[in-house]
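A structural walkthrough
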Amino acid sequence: MENYQAWAQETLEKVREKMEWVSEKNRDRIPYTTDAQGNYDDRSDGSSQWTVDNGLNWWTNGFWGGIMWLMYQDTKDERYAEIARVSEKKLEKCFDDFYGLHHDVGFMYLPTAVADYKLTGNEDGKRLGMHAANLLAGRFNPVGGFIRAWNRTGEDDNTGWAIVDCMMNISLLYWASEESGDPRFGQIARMHADTVLENFIRPDGSVCHIVEFNPETGSMVKSYGGQGYGEGSSWTRGQGWAVYGFANSYKNTGKKEYLDAAKRVAHYCMANLPESGIIPVDFRQPAEPAWEDSCGACVIACGLLEIAEHVPELEKNMYIGAAVKILKAIARNRADWGEDCDAIVQNCSAAYHSNYHHITMVYADYFFIEALYKLVGEGISIW
Ligand code: GLY
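Okay, so let's go over this structure. (Residues numbered from 1 in each chain as written. Predicted model: local features only at pLDDT ≥ 70, side-chain atom pairs only at ≥ 80, totals over all residues. Heavy atoms only, no water.)

**Re the site of the ligand**
Cut-off, in case you're wondering: By convention in this text, a residue qualifies as near a molecule or strand provided that one of its non-hydrogen atoms is within 4 Å of it. Contacts described as polar in this section are N or O atom pairs within 3.5 Å, which, within protein, must combine one atom able to donate a hydrogen with one able to accept it, while residues neighboring in sequence count only if both atoms come from side chains. Under the convention used here, a 1.4 Å probe and the Shrake-Rupley method define accessible areas, while residue burial counts only the protein chains that appear. For this classification, Asp, Glu, Lys and Arg are treated as charged, while Ala, Val, Leu, Ile, Met, Phe, Trp, Tyr, Cys and Pro are nonpolar and the rest, including Gly, are polar.
Taken together, the neighbourhood of the ligand is formed by Trp59, Asp165, Gln227, Trp235, Arg237, Trp241 and Tyr363. Take Gln227: an N or O atom from its side chain is 2.8 Å from an oxygen atom of the ligand. Between Arg237 and the ligand, the recorded distance is 2.5 Å, taken from a side-chain N or O atom to an oxygen atom. About the coverage of the ligand: the protein hides 94% of its 200 Å² of free accessible area. Considering only residue class, the shell around the ligand consists of four nonpolar, one polar and two charged.

See the structure below:
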């Protein structure tokens, strides 16, 4: 355990080596996943093999830029800032077609525009971040106290839907309040977090993915399994969004209930962590097929490390130890350090019932790298 920082430094050295050529090869793209030859796709030009939501507004389009900013803060190599700003410039165009944007503007603009502003003082980054924060605040349903997740597509009426993932997006609102001096953004973030605390976290510490509220009265209607196995299950990436999201809400507000919530979900995750450290798509999925989600694993690890920042010395090691176990399992058994694949982290699953399992996902690499920087105490505060 005491060697975890040395281990993280060694692993970061491998990340630096790999990102040097991967970044150059993909400098004009915004990737999501790799094809059968291991080449990254491009979500920013419509050429992706993926048929659903593959445009510029795709929710993960902030993570490639985010990786570049993580590498920049470490190496101070201007090349990484240049590549990150390719993403930022492209994402500015999303505001022209804002019907395609939804609550995931936090995931899109925090690791890109806002990171740029925080690291370099670039006023363009601040402008984009504030614009995105206004869009996010505009999705708030005051009677239900929640931020609406998605937009209506087809027949499904999701006007009253909120999802646990949004716990990450609301960091954009905390930032906007601090930056502008206007408390409204932070107030919305807290009200949303309070609603999630009351309606998503079960007494045993597990979390549901989607909750539907009546958008006229605000009353809770029902919950859905969403990207997990089914109603009453616990989608691991969603557990991660709750652990990390509540820990971040505590960091941004100092409200103790949020830290307690993060710890409760973390304890549930740690109790269900397989001996191998390899994380399934859903902690309550059947034994077969044994679908994994390394991306959920990396998000949970980041959340555990964030909790460790805010607890007394006596408690820290438990959270750091669990995070290191997860990250070592990825680095040893689910990482590609060679030149055959642009992505590092392997065996990710978008959802339990998706047709695509054990693929690469750019945000798995993002959270893996962010977790390593957290371990060595060098990360910038994106969330
Ligand atoms: N935010 C959607 C996902 O984690 O897949």
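Now that the structure has been shown, the text picks up again.
**Digging into the layout of surface pockets**
Threshold: Grid spacing is 1 Å over the protein atoms alone, the probe is 1.4 Å, and a cavity is where that probe fits but cannot get out, while a pocket is an open set with protein on both sides within 12 Å along at least five of seven lines and lining residues have an atom within 4 Å of a point. Grid points are joined across faces, edges and corners, and a volume is the space filled by probe spheres set on the points. Numbering of helices and strands starts at the N terminus; helices are DSSP runs of H or I of at least 4 residues and strands are runs of E of at least 2.
In this structure, the second largest pocket occupies an estimated 380 Å³ of space. In terms of lining residues, the second largest pocket is bounded by 22 residues, among which Leu305, Glu306, Glu309, Lys374 and Gly377 are the most central. Taken together, the elements giving at least two residues each to the lining of the second largest pocket come down to α1 (4–25), α9 (236–253), α11 (294–308), α12 (313–333) and α13 (362–375). Top element by residues in the lining of the second largest pocket is α13. It accounts for four residues.

**Some words on the side chain of Arg139**
Convention followed: Think of it in three bands: with a 1.4 Å probe and only protein chains considered, a residue is buried below 20% of the maximum accessible area for its type, exposed above 50%, and partly exposed in between. Residues scored as positive are Lys and Arg, those scored as negative are Asp and Glu, and His as well as the terminal groups of each chain are ignored. Here a salt bridge means any side-chain nitrogen of Lys or Arg lying within 4 Å of a carboxyl oxygen belonging to Asp or Glu. Residue contacts are counted whenever heavy atoms from the two residues lie within 4.5 Å of one another.
Locating Arg139 in the fold gives a position in the loop between α5 (123–137) and β1 (140–141). For the buried Arg139, which has no salt bridge, the nearest side chain bearing the opposite charge is Asp104, at an N-O separation of 8.7 Å. In this structure the side chain of Arg139 is engaged in a polar contact, spanning 3.1 Å, whose partner is the backbone oxygen of Ala149. Every residue in contact with Arg139, bar those within four places of it in the chain, is listed here: Leu101, His102, His103, Phe146, Ile147, Arg148, Ala149, Trp150 and Asn151.

**Focus: the packing of α9 against α13**
For the record, the criterion: Where helices are involved, their axes are fitted lines through C-alpha atoms of the stretch in contact, as for all axes, and angles between N-to-C directions lie from 0 to 180°. When describing relative orientation, an angle under 35 degrees is termed roughly parallel and one over 145 degrees roughly antiparallel, while 65 to 115 degrees is termed roughly perpendicular and anything else oblique. Left-handed describes a crossing in which the near helix is turned anticlockwise from the far one by less than a right angle; the clockwise case is right-handed.
Running from amino to carboxyl end, α9 crosses α13 at an angle of 40 degrees, the nearest separation of the two axes being 14 Å. The pairing of α9 with α13 is recorded here as oblique in orientation. Crossing hand, α9 versus α13: left-handed. Contacts between α9 and α13 involve Arg237, Trp241 and Tyr244 on the former and, on the latter, Tyr363, Phe367, Glu370 and Lys374. For the contact of α9 with α13, the residue count by class is four nonpolar, no polar and three charged.

**Considerations on the packing of helix α4 (residues 105–120) against α5**
Contact geometry of α4 with α5 gives a least axis separation of 7 Å together with a crossing angle of 155 degrees. With respect to α5, the axis of α4 lies roughly antiparallel. The two elements α4 and α5 cross, and the hand of that crossing is left-handed. Between α4 and α5, the contacting residues are Val105, Tyr109, Ala113, Val114 and Tyr117 on the first element and Glu123, Gly125, Lys126, Leu128, Gly129, Ala132 and Leu136 on the second. Tallied by class, the residues present in the contact of α4 with α5 amount to eight nonpolar, two polar and two charged.

**Things to note about helix α7 (residues 171–180)**
The buried fraction of α7 is high, at seven of 10 residues. What α7 keeps buried is the set Ser171, Leu172, Leu173, Tyr174, Trp175, Ala176 and Ser177. Two residues or fewer past α7, Gly181 is found with a positive phi of approximately 75 degrees.

**Considerations on unusual backbone geometry**
Of note, the amide linkage connecting Glu288 to Pro289 takes the cis form, showing an omega dihedral of -5 degrees. A positive phi angle, close to 55 degrees, is found at His358, a residue other than glycine. Looking at the secondary structure, you find His358 in the loop between α12 and α13.

**A word on the pairing of strand β5 (residues 220–224)**
Remark: a regular strand shows side chains that alternate across the two faces of the sheet. What counts, and what does not: Here, any two strands with at least 2 DSSP bridges between them count as paired.
As paired strands, strand β4 (residues 210–213) and β5 are joined by four bridges and run antiparallel to one another. Across the sheet, Phe213 pairs through a bridge with Met220, a residue of β5. A loop of six residues connects β4 with β5, the two strands running antiparallel in sequence, and Gly218 in this loop sits at a positive phi of about 85 degrees.

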